[in-house]
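Okay, here's what each chain looks like letter by letter:
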Amino acid sequence: MPPRILVPFDGSDPAREALEYAIELFPDGEFLALTVVDTDSRPAIPNAADESDEELQEILDEADEQLHGAERIASEHGVPLEKRSRIGQPAQEIIDCAEEGAFDHVVMGSRGRSGVTRLLLGSVAEVVVRHSSVPVTIVP
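Since we're looking at a predicted model, the values are computed, not measured.

Remarks on the packing of aromatic side chains
Next, step 1: Taken as a whole, this structure holds 0 aromatic pairs when the rule is applied.
Next, step 2: Directly above the aromatic system of F103 lies the positively charged group of R4, at a separation of 4.3 Å from the ring centroid.

So, in structure tokens, the structure goes:
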């Protein structure tokens with residue numbers, strides 16, 4: 001049975017490199033590109049439900065476009081790719097998806113935060129590494 005590989009994908013260069021690395025590392029793998037819409041980072045606008053719904057739809061459309069980028073990379077390598085979007089806190093959604101989907105490995109890019117920024121904001125990759133029940137490879 002081929003290994004199931006989860007690749008969090010946000011369209012960034014590190015995410016693209018992680019997907020390409022995952023394909024090279026697991027040539028016979030089954031791949032899922034996951035985009036997480038982080039609604040916690042959106043400012044709350046009181047009494048603006050309709051505007052908020054439109055804004056959320058725009059964000060979901062952008063996530064879908066990011067996943068098309070992952071699909072193009074997989075297609076260039078001749079590899080089938082499943083795509084999925086989730087809404088929530090990125091690190092937790094990645095961890096939950098890895099467990100729920102019975103994945104064998106997570107391969108993800110690092111944004112390269114360092115110093116005070118990393119101390120104050122943390123790192124999605126670091127949280128995933130610390131709390132994932134499956135092995136995680138971070139691609140710099």
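A few points about the environment of M1
Next, step 1: Within the secondary structure, M1 is located in the segment before β1 (4-8).
Next, step 2: Exposure remark for M1: the relative accessible area of 97% places this residue in the exposed category.
Next, step 3: Taking C-alpha positions, M1 is 9.3 Å from D28, a pair spaced 27 residues apart along the chain.

Quick look at the sheet that holds strand β5 (residues 136-139)
Next, step 1: Pairing within the open sheet is parallel, and its 5 strands lie in the order β3-β2-β1-β4-β5. The open sheet terminates on both sides in strands that have one partner only, identified here as β3 (81-87) and β5. Going from strand to strand, the sheet's axes swing by 25° on average, the running direction of each strand aside.
Next, step 2: Pairing analysis gives 2 bridges linking β1 to strand β4 (residues 105-109), with the strands arranged parallel. If you follow I5 over to β4, its bridge partner there is H105.
Next, step 3: Against the sheet, helix α3 (residues 90-100) touches β1, β2 (30-37), β3 and β4, its axis set at about 150° to β2.

Overview of the packing of α3 against helix α5 (residues 124-131)
How two helices sit against one another is set out by the angle between their axes and by the gap between those axes.
Next, step 1: Running from amino to carboxyl end, α3 crosses α5 at an angle of 35°, the nearest separation of the two axes being 9 Å. When the axes of α3 and α5 are compared, the crossing they make is right-handed. Every residue of α5 that contacts α3 at P90, A91, I94, I95 and E99 is listed here: V124, V127, V128 and H131.
Next, step 2: Among the residues making up the contact of α3 with α5, the classes are represented as 7 nonpolar, 1 polar and 1 charged.

What about helix α1 (residues 13-25)?
Note that an α-helix has 3.6 residues per turn; residues three or four places apart therefore point the same way.
Next, step 1: Between its first and last C-alpha, α1 extends 18 Å over 13 residues, near the 18 Å set by a 1.5 Å rise per residue.
Next, step 2: Turning to α1, its buried residues number three or more, namely P14, A15, A18, L19, A22 and I23.

Here's the deal with the pairing of β2
On a regular strand, one side chain projects to one face of the sheet and the next to the other, so that they alternate.
Next, step 1: Counting buried positions along β2 gives 7 out of 8 residues, so the element sits mostly inside the fold.
Next, step 2: The sheet contact formed by β1 and β2 spans 5 bridges and is parallel. Along β2, the bridge assignment pairs R4 with E30.
Next, step 3: Crossover connection from β1 via α1 to parallel β2: handedness right-handed.
Next, step 4: Bridging between β2 and β3 involves 7 bridges; their strand directions are parallel. Bridge pairing in β3 places T35 opposite S85.

Re the nonpolar core
Next, step 1: Within the largest apolar cluster, 19 residues are counted, with the highest numbers of intra-cluster contacts made by I5, F9, L19, F31, L81 and V107.
Next, step 2: No other element matches α1, which puts 5 residues into this core.
Next, step 3: Those residues within four positions of I5 in sequence are excluded, and the remaining contacts are A22, F26, E30, F31, L32, F103, H105 and V107.
Next, step 4: Counting 15 residues, the second-largest nonpolar core is a separate cluster that includes C97, V106, M108 and V128.

Conventions and cut-offs
- Residues numbered from 1 in each chain as written.
- Predicted model: local features only at pLDDT ≥ 70, side-chain atom pairs only at ≥ 80, totals over all residues.
- Heavy atoms only, no water.
- Phe/Tyr/Trp six-rings, centres within 6.5 Å; stacked < 30°, edge-to-face > 60°.
- Lys NZ or Arg CZ within 6 Å of the ring centre and 35° of its normal.
- Helix = DSSP H or I, 4+ residues; strand = E, 2+ residues; numbered from the N terminus.
- Buried < 20%, exposed > 50% of the residue type's maximum accessible area, 1.4 Å probe, protein only.
- Pairing = 2+ DSSP bridges.
- Axes fitted to C-alpha atoms, helices over the stretch in contact; angles between N-to-C directions.
- Contact = heavy atoms within 4.5 Å.
- Left-handed = near helix turned anticlockwise from the far one by under 90°.
- Nonpolar A, V, L, I, M, F, W, Y, C, P; charged D, E, K, R; others polar.
- Expected span 1.5 Å × (residues − 1).
- Right-handed = clockwise from strand over helix to strand, strands pointing away.
- Core = buried A, V, L, I, M, F, W, Y, C linked by side-chain atoms within 4.5 Å.

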